[in-house]
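Structural features, examined
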Amino acid sequence: MKSKLLLGFILALTISLFAACSAQNSDQGQGTDKNAEVNAQTVKAFTDYVTQDKGPVETKKYLDSILPESGTKTADALVGEYIDYLEVLIVTGLGEFADDQGIDEAGIKFVKVEGMSEPVIDYHFIDGYSAYISGEMKDYAAFMAMDSDSSWAADAELRITIEQLGDRIAQAEVFLSEYPDSARADEILSKYKLYLAAFLGGIDNTPLADYDTGKIQDKFINAYEYFEKEYPELKTTETVAEFNEELKAEGYAAPYGYSEYEKQSAFRKHVDELVKAAVDKL
């Protein structure tokens with residue numbers, strides 16, 4: 001009798017332990033799935049909320065409320081949707097929301113652009129979501145924040161050093177290499193092409209050529225040498241090195257004069273071709 005009772009107890013304990021383990025494994029499986037897949041319903045609920053046009057402050061409050069339980073992939077998607085919302089809002093105008101209390105905490109700040117105060121996305125708002133988002137989204141935020149912290153150019157003039165512009169190009173390539181299928185890849189690629197074209201060819205008020213001497217400006221040459229030394233492993237370095245050798249072969253002579261518009265246009269086309277070739281290597 002005792003042996004039957006003992007056997008019954010062991011069976012009951014075994015079943016109980018098995019059920020507990022199964023439940024735990026099920027919970028873990030659900031957690032893994034939650035982090036690995038985008039929850040379309042959650043994203044749709046957020047985009048539906050966005051269409052109500054309650055402004056960035058209220059929209060971010062709603063985002064804050066749903067993000068902790070969303071899972072990594074869904075959190076990335078939600079933050080991406082919010083960024084897209086802010087971009088559209090800034091382009092179309094903040095209107096009645098411009099003076100909302102807390103707008104700076106909603107991911108918008110105002111900077112001086114050509115003497116005017118203009119709204120831009122402050123990507124540091126994403127830092128507050130570090131516990132919920134992926135490393136990919138964190139790296140995206142860090143890259144984009146460089147320009148919101150210190151704009152690379154304004155009034156057709158570089159606002160950072162040419163070496164710093166090179167650093168941003170390098171970080172863009174690293175991101176695209178590590179996250180080729182990123183939902184934000186096109187955005188990073190656009191920055192990469194813009195930066196690289198300026199790095200190689202200069203911009204209107206930071207020209208590649210010194211018109212007084214008829215030579216390439218030393219600061220560009222130094223930046224190319226810096227880039228080659230600092231980032232030898234990058235694909236972009238091949239393009240920079242080839243371009244530098246091309247300029248060197250011509251004695252670093254300016255490829256165009258101040259008023260030589262046809263030569264300037266031809267050179268710009270050449271730079272565009274170099275950028276396209278660099279993109280093809282990525």
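The structure displayed is predicted, hence computed values, not measured ones. (Residues numbered from 1 in each chain as written. Predicted model: local features only at pLDDT ≥ 70, side-chain atom pairs only at ≥ 80, totals over all residues. Heavy atoms only, no water.)

**Quick look at the overall build of the protein**
The secondary structure content of the protein amounts to 10 helices and 8 strands. Looking at the protein as a whole, 39% of its 282 residues qualify as buried. At a minimum sequence separation of 6, the contacts of the protein that also span at least 24 residues come to 65%. If you sum the accessible surface of the protein, you get close to 15,900 Å²; carbon and sulfur atoms cover 53% of it. (Helix = DSSP H or I, 4+ residues; strand = E, 2+ residues; numbered from the N terminus. Buried < 20%, exposed > 50% of the residue type's maximum accessible area, 1.4 Å probe, protein only. Contact = heavy atoms within 4.5 Å. Areas by Shrake-Rupley, 256 points an atom, 1.4 Å probe, with all protein chains shown as cover.)

**Considering the packing of aromatic side chains**
One pass over the full model with this rule turns up 18 aromatic pairs. Both rings, one in Phe46 and one in Tyr62, keep their centres 6.1 Å apart while their planes meet at 5 degrees; by these two values the pair is stacked. A residue pair is termed long-range when its members are at least 10 positions apart, and Phe46 in helix α2 (residues 40-50) and Tyr62 in helix α3 (residues 56-66) qualify at 16 residues. For Phe46, a relative accessible area of 0% translates into the label buried. (Phe/Tyr/Trp six-rings, centres within 6.5 Å; stacked < 30°, edge-to-face > 60°.)

**Focus on the environment of Thr42**
Residue position: Thr42 is located in helix α2. Here Thr42 falls in the partly exposed class, since its relative accessible area comes to 23%. In this structure the C-alpha to C-alpha distance between Thr42 and Ser70, which are 28 residues apart in sequence, comes to 7.6 Å. Apart from the residues within four sequence positions on either side, Thr42 is in contact with Ile66, Ser70, Thr74 and Leu78.

**Points about the packing of α2 against helix α4 (residues 72-92)**
The N-to-C vectors of α2 and α4 enclose an angle of 20 degrees; their axes lie 10 Å apart at closest approach. The angle between α2 and α4 falls in the class roughly parallel. Considering only the axes of α2 and α4, their crossing is right-handed. Contacts between α2 and α4 involve Thr42, Val43, Phe46, Thr47 and Val50 from the former and Thr74, Ala77, Leu78, Glu81, Tyr82 and Tyr85 from the latter. Partitioned by chemical class, the residues of the contact of α2 with α4 number 7 nonpolar, 3 polar and 1 charged. (Axes fitted to C-alpha atoms, helices over the stretch in contact; angles between N-to-C directions. Parallel < 35°, antiparallel > 145°, perpendicular 65-115°, else oblique. Left-handed = near helix turned anticlockwise from the far one by under 90°. Nonpolar A, V, L, I, M, F, W, Y, C, P; charged D, E, K, R; others polar.)

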